[in-house]
Structure formats: C-alpha cells, structure tokens
Amino acid sequence: MNKTSYSTRFSYALPDVAGQLIFTFIIGGYMAKFFTDVYGLTAMTCGSILGFARIIDGVDAPVWGMIFDRAHSRLGKFRPWFLWLCVPFATFGVLTFLTPNLSYDGKVIYAAATYIICSVLYTGINTPVTSILTTLTTNPQERITLMSFRMYGSKLGVLLVNLTALKLVALLGNGNDRKGYALTLLIFATISVLLFLLSFRNLKEAVPQERNIQPVLGTFGALRGNWPWFIIFFSSLLFWIGFISRVTVVPFFLQYNLHRADLTGYAYSMDFISLATVTLLPWFCKWFSKTAAWGWGLAAMIAGQLIFSVGLNPNFAAFSLNIHYWFGPNDVISIPAVITLGWTIGYLGSGMAMAVPFAVLSDSADYGEWKTGIRAAGLLTAMGAAFCLKAGAGLGAAIPLWIMGLNGYTANVAQSPAALNAIKFGIVWLPTICLTLALLPVFLYRRFERMERQIHADLEQRRNASSTPPGPLREDDESPRS
C-alpha cells in the first residue's frame with residue numbers, strides 16, 4: 001500500500017544531508033567554540049545570542065507553518081521550498097562564520113543578526129522536509145521507512161562535517177582559524193545547494209493535498225484536543241535540549257577537563273553509530289511499536305549518561321582503549337574506556353529517540369484532521385519538528401554556556417574548579433535531567449498509536465466521499481444536491 005521507490009527514499013534523504021552540512025555548524029559545540037574562542041565573544045554573550053534566537057523561533061516557526069499550509073504552486077506544495085530557499089540559507093550559513101573586524105558591540109550585532117537569519121531560513125527549508133512526508137505516502141509503516149532513510153541522510157551530513165570540518169579549518173586557514181572557518185563553510189554551502197536542487201528534481205508529491213482555506217488563526221484549530229502532538233512537542237523539546245547540551249560542551253570538556261582536545265573530532269564522529277538503531281527501526285516498529293522504540297531510545301540515552309558519569313571517577317578513568325582514528329596507522333589515539341562506553345550507548349539510543357518523533361508528527365497531522373476536520377501539516381510539523389529542534393538546540397547550547405559563564409569560564413586559559421564543575425554539569429547532569437523528563441510523556445503515546453488504523457480508514461472514507469460526484473436526484477430527495 002503506497003510503497004515508495006528507492007529513488008524516492010534516497011531523494012528524501014538528500015535534504016537532510018544538505019541541511020546538516022550547514023546546520024551542524026550553527027548548533028552546539030562548533031558555534032559555541034567559534035563565537036567564544038575564535039571570534040572573541042564571552043560565553044555569556046554567546047549564550048544570550050543563542051537564547052534570544054529561540055525567542056524569534058517562537059514567532060517564525062508558526063508563521064512558516066501557516067505559509068506552508070496555504071502555499072500552492074504548479075511545482076507542488078512543499079517541494080518548491082527546496083528550490084526557493086537553498087541559496088539564501090547557504091549564503092547566510094557562510095556569512096555567520098565570517099569575522100569582520102568590528103568593535104565588540106559590532107561583533108555582537110553582526111553575530112546575532114547573521115545567526116538569527118540563518119536560523120530562520122533553516123526553519124523555512126527544513127520544515128518542508130518533514131511536511132512533505134504526508135504527501136509521499138499515507139502508509140504509516142512506509143513513513144517509518146522513509147524516516148529511516150532521512151536519518152541516514154542526517155547522520156551522513158553530520159559525519160561528513162565531524163570528520164572533516166576541523167581538519168579543513170586547519171588546512172585552509174593555515175593557522176588562521178577565521179579564514180579556515182570561512183573557506184570551509186563556503187565548500188559545505190556549495191555542496192548543500194547542489195543536494196537541495198537534486199532532491200527538488202527527484203521528489204514527487206504523490207498524495208493530493210487540498211489547499212488550506214482556513215482563516216489564519218483557524219489553522220491553530222488543528223491543535224485542539226490533539227494530545228498526540230502535545231506529547232511529541234514536549235518530549236522532542238526536552239530531548240533536543242539534553243542532546244545538544246552534551247554536544248555543545250564536548251569540546252570544552254575534552255580540552256579543559258580531560259586535556260584531550262585532540263579527541264573532539266572523534267567524539268563528534270561517533271554520532272554515526274546511531275544509524276545502527278535507525279536501521280533496525282522499521283523492523284522494531286513493525287514487531288513492537290513506535291512508542292516502544294521511542295521509549296527504549298530515550299532510556300538507552302539515560303543509561304549512557306549514567307555510565308559516562310561513572311567514567312569520570314578517577315578509578316575508572318584510568319582504563320583506556322587505543323584505536324585508529326580515520327583508519328590511518330599513524331592516527332592511534334588513546335580514549336577513556338568507560339566514558340567512551342557511555343558516550344557510545346547514548347548515541348545508539350539517540351538514533352531511535354530522534355527518528356520516531358519526526359515520523360509520528362505526520363500521524364499527529366492525521367489525528368488533528370480526524371479530530372477537528374482541519375488539515376495543518378505545515379503548522380504542526382513547523383512547531384513540532386523545526387521549532388523543537390531549534391529551540392531545543394538553542395537552549396541546549398545557551399543553558400550550559402550561561403552556567404559556565406556564571407562560574408567564571410574564560411576562553412583559552414586554565415579553568416577554575418567551579419568552571420570545570422559547570423562543564424561537567426553541562427555534559428552529564430543537564431542532559432540526564434532533560435532526557436528523563438522527555439521519557440515521561442512517551443508512556444502516554446501508546447493509546448493514540450493504537451488508533452492509527454481506524455483514523456486512516458475514517459480519513460480515507462471522508463476523502464472518497466468528498467470527491468464522489470453527486471448522483472441523479474431521486475423523488476424522495478428533500479433538496480437538490482449542491
């Protein structure tokens with residue numbers, strides 16, 4: 001039923017490869033380290049910029065969603081946005097990492113403006129990646145398969161950045177990190193544009209979508225009683241705060257707590273192992289449930305955080321592993337074994353914990369239409385996916401940076417015990433608290449997952465009824481058909 005081709009599946013992965021080639025830079029550790037240690041902003045200022053951008057998200061996400069719900073062109077409903085926004089998004093991705101020689105206040109204004117505009121454009125180009133899923137198939141299991149391919153694309157984009165970014169910065173900058181970042185972003189931005197254009201060319205919106213004629217505020221009616229969406233929203237927001245917090249603090253933790261800044265690229269590259277659980281996701285959801293996959297993913301991440309915390313004990317930190325980084329005979333590095341085990345388990349769990357909410361958002365759009373008669377896939381995915389990702393990413397970066405700043409963090413010097421403890425809190429306990437809170441609402445989702453078959457049947461019946469042409473009048477008809 002509505003099985004998609006491999007061409008569609010691979011093409012659906014491309015926008016996430018393209019988006020991550022830039023977005024990986026503007027969230028978490030890369031952005032924080034660039035603003036503080038390269039561009040010269042304080043940790044408090046950097047955190048404030050990232051936090052203020054999240055206030056903007058509270059406005060731009062629903063606005064984008066309402067635009068998408070009303071948009072219609074001969075090219076499709078969601079697909080054209082890849083064409084229209086890829087160049088502006090890539091351009092501001094590069095501008096964010098330029099470092100004009102300005103006063104400190106000028107630097108703050110420039111950094112905030114370019115970062116916020118790039119972030120707003122990311123909402124515009126990323127939301128259609130989620131929304132278009134409703135137009136590719138109506139089969140819930142096939143949506144899981146497509147989402148798995150999307151996660152492959154996302155993780156591939158992240159891996160490419162993590163494996164090459166810092167090496168390219170050093171190579172192209174030749175000791176000048178400002179120049180290195182600018183040239184590196186230019187390369188990735190160019191590739192990003194080409195991949196978005198290829199996805200635009202290949203994807204086809206197969207499921208017809210009626211143009212939304214609801215009043216602007218009426219679109220929010222799709223949220224009325226839509227408990228599945230609220231569960232997804234709150235769990236996703238907390239997940240991204242926890243996930244990005246650990247990612248943001250990694251380079252600081254490795255440099256100042258472990259004195260192993262050379263492990264930064266390796267630690268980020270381990271994100272790729274999450275594809276092991278993403279690969280199993282369609283099978284797991286088929287034989288168990290999406291709720292179970294979601295819950296087990298979050299539980300594994302929590303377990304990984306706790307193991308990571310044990311590895312900080314000096315008695316355990318002494319155990320190390322020797323591995324080959326980049327598979328080269330001269331690239332042998334020694335890594336703390338218990339810390340690495342916890343980090344690995346956390347990333348394995350993140351594959352399912354990250355993928356399932358994106359997939360079930362399409363189901364929440366179906367639920368909203370079934371419950372209220374209002375189809376608002378654009379709004380629901382903009383708020384439930386793009387907003388949660390960006391708000392979670394911003395807060396996940398801002399909160400630990402604020403805590404570090406309040407505890408005396410100063411770039412490129414030996415840190416005080418208070419600053420070192422703040423870094424530990426940002427990488428261990430803040431993520432643990434957020435992930436635990438994210439797990440709690442997931443237990444309520446199973447009830448709504450059981451309703452999906454009936455919801456899809458009812459919606460199909462409604463759509464068929466509305467498309468059936470009126471028949472001839474009979475004598476017992478009380479009024480003519482309109």
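Each remark here, short or long, concerns the structure printed above.
Just so it is clear, the structure is predicted and the values come from calculations on it, not from any experiment. (Residues numbered from 1 in each chain as written. Predicted model: local features only at pLDDT ≥ 70, side-chain atom pairs only at ≥ 80, totals over all residues. Heavy atoms only, no water.)

Engineer: Hey, could you run me through the overall build of the protein in this one?
Structural biologist: Along the protein, the regular secondary structure elements total 18 helices and 2 strands. In the protein, which comprises 482 residues, the proportion classed as buried is 59%. Put simply, 83% of the contacts in the protein that link residues at least 6 apart link residues at least 24 apart. Summed over its atoms, the accessible surface of the protein is roughly 19,900 Å², and 67% of this surface lies on carbon and sulfur atoms. (Helix = DSSP H or I, 4+ residues; strand = E, 2+ residues; numbered from the N terminus. Buried < 20%, exposed > 50% of the residue type's maximum accessible area, 1.4 Å probe, protein only. Contact = heavy atoms within 4.5 Å. Areas by Shrake-Rupley, 256 points an atom, 1.4 Å probe, with all protein chains shown as cover.)

Engineer: For this particular structure, what's the right way to read the side chain of threonine 264?
Structural biologist: Checked against the element boundaries, threonine 264 lands in helix H10 (residues 264–269). Only 2.9 Å separates the side chain of threonine 264 from the backbone oxygen of alanine 261, close enough to count as a polar contact. Beyond its immediate chain neighbours, meaning those up to four positions away, threonine 264 contacts Leu166, Pro251 and Leu254. (Polar contact = N/O pair within 3.5 Å; in protein donor to acceptor, adjacent residues only side chain to side chain.)

Engineer: Looking at this structure, how should I read helix H4 (residues 80–96)?
Structural biologist: An α-helical turn contains 3.6 residues, so a residue and the one three or four places further along point in the same direction. Taking 1.5 Å per residue, 17 residues should reach 24 Å; H4 reaches 25 Å between its end C-alpha atoms and fits that length. Burial in H4 covers these residues: Pro80, Trp81, Phe82, Leu85, Cys86, Phe89, Ala90, Gly93, Val94 and Thr96. (Expected span 1.5 Å × (residues − 1).)

Engineer: When you look at helix H16 (residues 417–442) in this model, what are you seeing that I'm missing?
Structural biologist: Here H16 spans 37 Å end to end across 26 residues, near enough to the 38 Å set by a 1.5 Å rise per residue. Along its length, H16 reaches its greatest deviation from straightness, about 45°, at phenylalanine 425. (Bend = angle between axes of the 7 residues up to and from the residue.)

Engineer: Could you clarify how one ought to interpret the side chain of glutamine 20 in this entry?
Structural biologist: Within the secondary structure, glutamine 20 is located in helix H1 (residues 6–26). Using a relative accessible area of 10% as the deciding quantity, one classes glutamine 20 as buried. Excluding anything up to four places from it in sequence, glutamine 20 contacts Ser154, Gly157, Val158 and Val161.

Engineer: How should unusual backbone geometry be read in this particular structure?
Structural biologist: For residues other than glycine, phi is negative in most cases, and the peptide bonds are mostly trans. In this structure, asparagine 174 takes a positive phi of about 50° despite not being glycine. Residues other than glycine seldom take positive phi values, yet histidine 259 does so here, at roughly 55°. Within the secondary structure layout, histidine 259 lies in the loop between helix H9 (227–257) and H10.

Engineer: Looking at this structure, I do not really get the packing of helix H11 (residues 275–287) against helix H12 (residues 290–311). What am I missing?
Structural biologist: Helix packing for two helices is described by the angle between their axes and how far apart those axes are. Closest axis-to-axis distance for the H11/H12 pair is 7 Å, and the angle between their directions is 130°. With respect to their mutual orientation, H11 and H12 come out oblique. For the pair H11 and H12, contact is made by Leu281, Phe284 and Cys285 and by Lys290, Ala292, Ala293 and Trp296, respectively. Taken together, the residues of the contact of H11 with H12 break down into 6 nonpolar, no polar and 1 charged. (Axes fitted to C-alpha atoms, helices over the stretch in contact; angles between N-to-C directions. Parallel < 35°, antiparallel > 145°, perpendicular 65-115°, else oblique. Nonpolar A, V, L, I, M, F, W, Y, C, P; charged D, E, K, R; others polar.)

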